[in-house]
6 protein chains.
Amino acid sequence: MNDRLDPELVRRVVRAALEEDGAFNDVTTLATVPPGQAGRGVFLAKDAGVLAGLPLVQAAFEAVDPGIRLRPLLRDGARLEPGSRIATVEGPLAPILSAERVALNFLQRLSGVATATRALVDAIAGLPARVVDTRKTTPGLRALERYAVRVGGGHNHRFNLADGVLIKDNHLAAARSRGLGVREAVAAARAAAPHTLRVEVEVTSFEEAEEAVAAGADVILLDNMDPAGMARCVKMIDGRALTEASGGVTLANVRAIAESGVDIISSGSVTHSARALDVSLEVEPS
Amino acid sequence: MNDRLDPELVRRVVRAALEEDGAFNDVTTLATVPPGQAGRGVFLAKDAGVLAGLPLVQAAFEAVDPGIRLRPLLRDGARLEPGSRIATVEGPLAPILSAERVALNFLQRLSGVATATRALVDAIAGLPARVVDTRKTTPGLRALERYAVRVGGGHNHRFNLADGVLIKDNHLAAARSRGLGVREAVAAARAAAPHTLRVEVEVTSFEEAEEAVAAGADVILLDNMDPAGMARCVKMIDGRALTEASGGVTLANVRAIAESGVDIISSGSVTHSARALDVSLEVEPS
Amino acid sequence: MNDRLDPELVRRVVRAALEEDGAFNDVTTLATVPPGQAGRGVFLAKDAGVLAGLPLVQAAFEAVDPGIRLRPLLRDGARLEPGSRIATVEGPLAPILSAERVALNFLQRLSGVATATRALVDAIAGLPARVVDTRKTTPGLRALERYAVRVGGGHNHRFNLADGVLIKDNHLAAARSRGLGVREAVAAARAAAPHTLRVEVEVTSFEEAEEAVAAGADVILLDNMDPAGMARCVKMIDGRALTEASGGVTLANVRAIAESGVDIISSGSVTHSARALDVSLEVEPS
Amino acid sequence: MNDRLDPELVRRVVRAALEEDGAFNDVTTLATVPPGQAGRGVFLAKDAGVLAGLPLVQAAFEAVDPGIRLRPLLRDGARLEPGSRIATVEGPLAPILSAERVALNFLQRLSGVATATRALVDAIAGLPARVVDTRKTTPGLRALERYAVRVGGGHNHRFNLADGVLIKDNHLAAARSRGLGVREAVAAARAAAPHTLRVEVEVTSFEEAEEAVAAGADVILLDNMDPAGMARCVKMIDGRALTEASGGVTLANVRAIAESGVDIISSGSVTHSARALDVSLEVEPS
Amino acid sequence: MNDRLDPELVRRVVRAALEEDGAFNDVTTLATVPPGQAGRGVFLAKDAGVLAGLPLVQAAFEAVDPGIRLRPLLRDGARLEPGSRIATVEGPLAPILSAERVALNFLQRLSGVATATRALVDAIAGLPARVVDTRKTTPGLRALERYAVRVGGGHNHRFNLADGVLIKDNHLAAARSRGLGVREAVAAARAAAPHTLRVEVEVTSFEEAEEAVAAGADVILLDNMDPAGMARCVKMIDGRALTEASGGVTLANVRAIAESGVDIISSGSVTHSARALDVSLEVEPS
Amino acid sequence: MNDRLDPELVRRVVRAALEEDGAFNDVTTLATVPPGQAGRGVFLAKDAGVLAGLPLVQAAFEAVDPGIRLRPLLRDGARLEPGSRIATVEGPLAPILSAERVALNFLQRLSGVATATRALVDAIAGLPARVVDTRKTTPGLRALERYAVRVGGGHNHRFNLADGVLIKDNHLAAARSRGLGVREAVAAARAAAPHTLRVEVEVTSFEEAEEAVAAGADVILLDNMDPAGMARCVKMIDGRALTEASGGVTLANVRAIAESGVDIISSGSVTHSARALDVSLEVEPS
């Protein structure tokens, strides 16, 4: 796949982060590093993980000084070990120092997301299920974090509420309180949504899964079931709909979940609770 | 202290998050929940921790429908136990569902930051040091995360590069490569920076700490020293400058660090690696 | 369905239009109408058609003066005859005059889109096909024009390139030039796109339609076929995929197209070439 | 004249349209066209008309990929016949496909406006009147549509309410309800408006035209008069003011109107009801 | 005249100024003034002059806290003496202090412009000429400074390059270098500009003034002439065009200029070099 | 020091000013200067002073046409005499004329600020005090005016309320009304503000100065004292805090103030009441 981050979005997000960090008015660097002084540096991994975020590092340096040259030694998606050399940077020293923190903030966070995703993906190696993200992303950074999920070997769920239909427990409860059921909710979604969207329904029991299939759902989300319960549902559904496992997915249980035969496993923690990957920039003035 | 989040900033960040999430074009809810249907819900903690982010929850519901009423049962800063009731929400059901995820995304993240901060603060109870944040924050959310740090009992470091002077190793290396030392770097900072700013210098050894004090630094950042080394520096500095401990601060070592006598302990992990606190919204249509 | 226009989007678009029109610096009105003078007016249809756009009229007057009261006499979707009274407006005269043109520009354009859509929908009354829009909308106004299509009884196609998969002739040609076929293109789309999206494939012949069905397409777009050719494809597909007719749809041929049994009929002309519906505002100073 | 479209405005409008269309996240193209594949295409007219909008096509391709080369074969203002080759495009195929619809949406709409204008202008060939636009433009696109009017041989009326004085029936009614007349309204406008602006007055009868001239109006707008009535007014005015014909101008009557001797003929339909000109992009992967 | 400042523009400019001033993160006030403390204050003039800018003061307080009440004791345009009480403000003390500087910055600057304008206007009392501003305004504040000019009894020149035709020496030099003269330049302007605009021509000598009148200019700008030269031109022009005096206008010579019979006197110094009027806010906590 | 203006801020401010001035729709120039015509010009000082603002001039020409070449003959900070040649500009004539006014508006204003600052700085030559600006800057232009102050040899005070602690009379009055004094206010500021900020306290008498020093203030602002009073305070403080003189600073008294021994002298008039420096652009078409 042709994986592209919108370059204008990257520029905009990076520019906003640099302004937030006062990078264009870095009083310390302006006072202590003269304009003519050059420098070079290298980005080093200090933990094992998966690299993600080089386009943002590139954009951060471009934004502060077009004379800075970043030379990637690895690509997004590469496996990192402590000590892995990620990229070198060279040019006027002052703007390198002023942009360093923002570059690292993006790189560490996105590499953290990619690393957490890769761990789940590796844990189900050989099984057909795909690991996908959720809408539990950092406000303002969804497109970037979804990119990091892909870099880590995962797939993306719907981008947002506007481009996917997912009838959840609350929607069904709303329908029931008006005397309607899954069938009517699915029909309402089909009538209102563009024909280019599938209709997914969240269920919490075997009986609800039966109802959802009967109602013609294209995808059944099995919420917080144990692997055995999931396997029973998958068998009953028998290919009439896709199945998604959701809720409480961990490194410890993800393989068991995948072995239940579900098509999709979604995880919020890869975005909402990923630890930043430790990366440092070692600078050497010249 | 009069702790205030800029309400316009809150509105802007929340609005952007709602747009990012497609909340104003929630195809599922628009299809399955009629405009007239009302509902109510309660925000419940599912983990122990510290609450932070209610103003963002409030703003999220206001943005989608001014007819929704949020009634806080606790305040930001409250201790949460699994099952703690945080707030109730009541009004038209459809917009409540459309804004739910964004409200939770903010609440879980900021409560996670407050919880991680509070853990460090509690660990040094009775000692005079203050726990402060760093610039390792989520791009775009710095003001909010700093608020969460305060809610968790911490203090804030400088906001960004423009409003604090911190001469780091790279600045000193740049000076040295030009034949200058700490003294000249501090003098340059004093000459260039507004007189309202203190000058802080990062050191990695006892000898550098001596140099920095001699150069007239107002604050000495002791980088990655062990508690014994810090204590030795603190004793040598003897009140001539404030001292800040930085690098590798954990729950396990923070009390030992504080006992070294430093004035300030800074932690990046409370913002860059805090786990989201688990909170749910239980909705009941009516 | 709960049809909602994002009120913030409406405000933003209307505000931009008022600024574009210099409504806040209307030299003529400021010079000739004193602040104290009140007035009232009525919006009158001068052509037959379908009403769409009242929320924008409301927003235009609110933006220039919150003291203006708009009282709708009809709702969006109402049938208009020449002379139909649409709404009254009352309040300070000067801002009413300053906002008049912008209010009418939106109302006339959106009513034009709704009217054109309704004509197609009425022409296929009793048949199951749905009329949908395309991406041939006015830059900047897509959400509004899609709303007008719904108001006119139509449905919406995908919003944009990000939220629907439609493999068109150019994508297939690109695949073929690399030695691949429809099957591989569909598989690539399934692998890359969120599982919440259907995969639609554009075909121009019976043979291509067969290929697309065999490749597992969820929706087949029959491009520029005549009704007989469409009917043959529909029969062959036999419910294994949805069918969409596209290209050259007119009032004259839409019923024949619908009778071919297609599920969806898409029309670009309802947005790109709709005539503005003639509406006037008759004002009476007091 | 040096006809220039503000390049920053063009970039901004085009960028917004591309974002609206999801062009930077085109799931189909990203999935089915690899980054290395190149392609070329040609823009072909499918109807007769006048070309307008090439700068927007250029900007659309630049925005998605600076490596795309657009080579215009004609210039804005050129006459098109079905089959006319307008421009070629060459470069990486994926971004060409992602920007195609936005490029065409602008080109078809603006060429439609230029074509409608040119038809009116041609119809009065040899007569001194100028055809001008009105404020009945598409919200957000006024500057572009005015450009298309000029490209089609027309002229522009005032840009908006801030940069031209036009005392309309409602302003005069407001004055009359306060016991004042045309004379006082013209005087008020002269007193308030910058001295760089003429004062134009709308009249609906011979008597009002007499009043307006006596009041010292610089321009008289003859609203919805028949050609004979206009001719009578023009003769009476006798060069003491410019005259503008407005209301109900069609291809059928525009020559008769011009023959009445008016200086200016304004038409709203060239912007609010122009049909999009049919143009296609024929792409060939390589 | 109905003098209105666009309230949204006011809000936007004031909001930007408050953000620039860090008013939503006023560390001193947040630390030293508790949220519950109320206060009141009075705006006092410390110099003589003309008041302008109350809507911005109002907007500044509204932006920081809607609970603050501003009670104007005078209106924009009022004459101030040292000690004049302008307005009182009452409410929560902390936000009053945080917005004080921004409120004063606008009030002092705009009152300075109004005061400088009023001095020129008063100096020509009894003569028919109008004092107008120029485009030599503060970037970003033109609409506000033009308002202050009107408040001071002046009038406005064209807003900007887009809404007035003024053929200056450089335009004429450009024409001459191509072998053309004033006549051709005026004709070109008439052909290109909307018919709602007058054509003004800048001249520096009696002979050029003759040329400009012969070319049909509507307004003649007499640049840097002495009053006697102006009077000679005015007499020669004899009402065939308006006349504007420009260049080197001071309080000392403005009456002599006005006595030359010119219609308009333009002054750049009222905006580019006005001294801020001294105003203070005396606050009293309660 | 490495004095850098954020280039993106410069572009943004200049672009906004050009839009405000209608520079992209300059009807006069578009009508009278053909696209092919070239020209050159020179910026000439007409008054003595200090040059500031060349980066904005550069940005203004770049924004309208990248083909224009500006060649600085002097640098910001240079002394100007009447007739000093500042820079030449060469390229397409039309956009040079369209951007001229905006370029001059920035250059004249910033040079005015630099000139006023330089006069104060020169007046205290040989004395150790630094001249600093205040927050009495033009809304929207603070960063630029602070740059001009530095160019004129001055220093900057805190940027805004968020990045410096200054306890003023109103804050102290608020404290007193709650039964608290300077000591408690300083302690509250220390507790709430980042440790990177000094605490400055405003005093109006010798006694208050004593109190402030006793309270541990880092900087004492001596408000509106006469030089003798200042000298007495400086002697009493004896290096325990920095001292800042503020209020009523003029060219006439600034040397006497500096001789009192204060460290810092702040002046609002260098920004709020500086006269624009007279600069012209002499253009020559070719």
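Conventions we followed
Residues numbered from 1 in each chain as written. Chains lettered and ligands numbered in written order. Predicted model: local features only at pLDDT ≥ 70, side-chain atom pairs only at ≥ 80, totals over all residues. Heavy atoms only, no water. Helix = DSSP H or I, 4+ residues; strand = E, 2+ residues; numbered from the N terminus. Buried < 20%, exposed > 50% of the residue type's maximum accessible area, 1.4 Å probe, protein only. Polar contact = N/O pair within 3.5 Å; in protein donor to acceptor, adjacent residues only side chain to side chain. Contact = heavy atoms within 4.5 Å. Phe/Tyr/Trp six-rings, centres within 6.5 Å; stacked < 30°, edge-to-face > 60°. Lys NZ or Arg CZ within 6 Å of the ring centre and 35° of its normal. Least-squares fit on C-alpha atoms with pLDDT ≥ 70 in both. Buried area = accessible area lost by both parts, 1.4 Å probe. Salt bridge = Lys/Arg side-chain N within 4 Å of Asp/Glu carboxyl O. Pairing = 2+ DSSP bridges. Axes fitted to C-alpha atoms, helices over the stretch in contact; angles between N-to-C directions.

(A) Local environment of the side chain of serine 266 of chain B. All names here are of chain B. With respect to the helices and strands, the residue serine 266 is situated in strand S11 (residues 264-266). Residue serine 266 is classed as buried on the basis of its relative accessible area of 4%. Side-chain polar atoms of serine 266 contact the side chain of glutamate 244, separated by 2.9 Å. For serine 266, the side chain forms a polar contact with the side chain of serine 246, separated by 3.3 Å. Setting aside residues no more than four positions away along its own chain, serine 266 makes contact with Val132, Asp133, Thr134, His157, Glu244, Ala245, Ser246, Gly247 and Val249.

(B) Up close: the packing of aromatic side chains. Overall, the coordinates contain 6 aromatic pairs over all chains when judged by the stated rule. Sitting over the face of the ring of phenylalanine 24 of chain B, arginine 15 of chain B holds its NZ or CZ atom 4.2 Å from the ring centroid.

(C) The relation of the copies chain A and chain C, seen in detail. Of the transformation placing chain A onto chain C, the axial shift is 0.0 Å and the rotation is 180°, giving an RMSD of 0.0 Å. Such values leave the two copies arranged in the relation of a two-fold axis. A shared interface surface links the copies, since 100% of the contact residues of chain A are contact residues in chain C too.

(D) View of the interface of chain A and chain C. The interface of chain A with chain C comprises 24 residues on the first partner and 24 residues on the second. Taking both sides of the interface into account, the surface hidden between chain A and chain C amounts to around 1900 Å²; carbon and sulfur atoms contribute 52%. Contact with chain C buries surface across chain A, with His195, Thr196 and Arg198 of chain A losing the most and accounting together for 41% of the total. One salt bridge connects arginine 198 of chain C with aspartate 218 of chain A, and the closest N-O pair in it is separated by 4.0 Å.

(E) Here's a closer look at the environment of glycine 36 of chain F. One can find glycine 36 of chain F in the loop between helix H2 (27-32) and strand S1 (38-45). Considering only alpha carbons, one finds glycine 36 of chain F and leucine 56 of chain F, 20 residues apart in sequence, at a separation of 26 Å.

(F) Geometry of the sheet that holds strand S6 (residues 130-132) of chain C. Residues and elements named next belong to chain C. Pairing in this open sheet of 6 strands is parallel, and the strands run S6-S11-S10-S9-S8-S7 from one edge to the other. The open sheet has two free edges, formed respectively by S6 and strand S7 (165-167), since each of these has just one partner strand. The sheet shows a mean angle of 25° between the axes of neighbouring strands, direction not considered.

(G) Fine view of the sheet that holds strand S10 (residues 242-246) of chain B. All names here are of chain B. Ordered in space as S6-S11-S10-S9-S8-S7, the 6 strands form an open sheet in which the pairing is parallel. Each having just a single partner strand, strand S6 (130-132) and strand S7 (165-167) make up the two edges of the open sheet. Pairwise comparison of adjacent strand axes, ignoring direction, gives a mean angle of 25° for this sheet. Relative to strand S8 (residues 199-203), S7 runs parallel, the two sharing 3 bridges. From the neighbouring strand, valine 165 faces S8, where its bridge partner is valine 199. Sheet strands touched by helix H6 (residues 169-176): S7 and S8. Its angle to S7, the strand with the most contacts, is close to 60°.

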